[in-house]
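Chain residues, written in single-letter form:
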Amino acid sequence: MSYKNILVLIILTLIVSPALAQKFDVEKFSDPAKYNWNSSKVQLQHRNDLQQRQKLLQVYEMNKFNYRSKLIKSALVPGWTHFSAGKYAKGQVILGLEVALFVSSFYYYDQAMNYYDKYKNSDYIGDLNYYYEKTKIPWRNSQLFFGLGLMVWVYNIYDTFLVVDEYNTELWQKIYLDYHNKKLSITPSGITYRF
Amino acid sequence: MKNIIILTAIVLILGSCALDRSNPLDPVGNDIAVPNEVIGINISHISSNEIEITWNSQSDADGYFIYRCLSLYGSYVRIDNDQLNSGAFDSFTDTHVITRTWYYYKMSAYRLVGGRRLEGWRSGPKTW
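Residues numbered from 1 in each chain as written. Chains lettered and ligands numbered in written order. Predicted model: local features only at pLDDT ≥ 70, side-chain atom pairs only at ≥ 80, totals over all residues.

Counting its secondary structure elements, chain B contains one helix and seven strands. The order of helices and strands in chain B, counted from the N terminus, is α-β-β-β-β-β-β-β. Relative to its full complement of 128 residues, chain B shows a buried share of 18%. (Helix = DSSP H or I, 4+ residues; strand = E, 2+ residues; numbered from the N terminus. Buried ≥ 20, exposed ≤ 12 C-beta atoms within 10 Å, placed from the backbone.)

In structure tokens, the structure reads:
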């Protein structure tokens, strides 16, 4: 296709396109009835409602749980988010399990290292075998409790996601319901009382 | 369920991890031959304050340890054995003894490994 043909095609397109285009309906666009605003009073009511929703959103944003901060807190102190969200029983179980498992793990690790040090310093073949065998059981227990502690910790992180999600959903519902159940509301546009 | 299986596997793997046998004297993994138990131990009271211990010398030993105790199942204390630092020795005279006191002895052979002494199995308690 030559440049001449392309030029002709562009010019034709420019001529025809206004004829094919829909006419912009400025009346329809500015028609307040489009949103069921039949009067300026209704429009004002909708405006107030929108402003109230924005206020509710601000309240929600201020009070909602932040995923990142809650995850960091729960990672450092398992069950923290559960306590914050009022799920005390679950928080106590998680924290209690973590403390019990990691303390047990440390206890057995310390015992294992005590025997292991004796093994490393042994010169006698009898002591070498004896202390190495004595190291095995506490070492295994230490690893087992650490692994279980790790499992609970991972579950705690996973559950933190769910708790934050649930808390935020409930928070929004509560804010929204509180607003709508409020009988008396004073706004700049006047006082509203719902029966 | 899948996550639980994976985590359980991690726990089992962690639990099965054994500690290294890091002692350089440990025969397991270091290809060290442990000296044999000393045999042919004979103890005789040669005078009121001298006890002689004899044994079969061992070619696989670099020296011997001798332990002494006043009772059969008591705590045996090693006698200073600088004079026993050769596998060729086959006797030792204990001169630090009290007259009319009963002594029990245990013996073992050792081998030098990297400047340390790997002590083989100790013998049972012996007396005259």
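On to the interface of chain A and chain B. Each partner contributes residues to the interface: chain A has 20 residues there, and chain B has 20 residues. Looking at the side of chain A that touches chain B residue by residue, the class counts come to twelve nonpolar, five polar and three charged. (Contact = placed C-beta atoms within 7 Å. Nonpolar A, V, L, I, M, F, W, Y, C, P; charged D, E, K, R; others polar.)

Time to look at the sheet that holds strand E1 (residues 42-47) of chain B. Residues and elements named next belong to chain B. The three strands lie next to each other as E1-E2-E5, forming an open sheet whose pairing is antiparallel. Sheet topology places E1 and strand E5 (91-94) at the edges, where each strand pairs with a single neighbour. Averaged over all adjacent pairs, the angle separating strand axes in this sheet is 20 degrees, with direction ignored. For strand E2 (residues 50-54) and E5, the ladder comprises four bridges, and the chain directions are antiparallel. Bridge pairing in E5 places Glu52 opposite Thr93. (Pairing = 2+ DSSP bridges. Axes fitted to C-alpha atoms, helices over the stretch in contact; angles between N-to-C directions.)

Here four strands make up an open sheet; going across it, the order is E4-E3-E6-E7 (chain B) and the pairing antiparallel. Edge positions in the sheet fall to strand E4 (77-78) and strand E7 (116-119) of chain B, since each has one partner strand and no second.

Counting 30 residues, the largest nonpolar core has A:Tyr119, A:Leu128, B:Tyr64, B:Ile66 and B:Met107 as its most contacted members. Broken down by secondary-structure element, the contributors of at least two residues to this core are helix H6 (88-120) and helix H7 (125-181) of chain A together with E2, strand E3 (63-69) and strand E6 (104-113) of chain B. When residues in this core are grouped by element, the largest group, nine residues, is from H7(A). (Core = buried A, V, L, I, M, F, W, Y, C linked by C-beta atoms within 7 Å.)

Even without a glycine there, the phi angle at B:Asp31 is positive, about 55 degrees. On the neighbour-count criterion, B:Asp31 (6 C-beta atoms within 10 Å) is exposed.

Our focus in this paragraph is the confidence of the model for chain A. Model confidence for chain A is summarised by a mean pLDDT of 86, while 87% of its residues fall at 70 or above. Of all secondary-structure elements in chain A, the lowest mean pLDDT belongs to strand E1 (residues 184-187) of chain A, at 59, while H6(A) reaches the highest, 95. (pLDDT = per-residue confidence, 0-100.)

Looking now at the pairing of E3(B). Residues and elements named next belong to chain B. As defined by bridge partners, E3 adjoins E6 across seven bridges and the pair is classed as antiparallel. Its bridge partner being in E6, Arg68 is matched across the sheet by Tyr105. Judged from the two bridges that link them, E3 and E4 form a sheet pairing that is antiparallel. Bridged to Arg68 within E4 is Val77.

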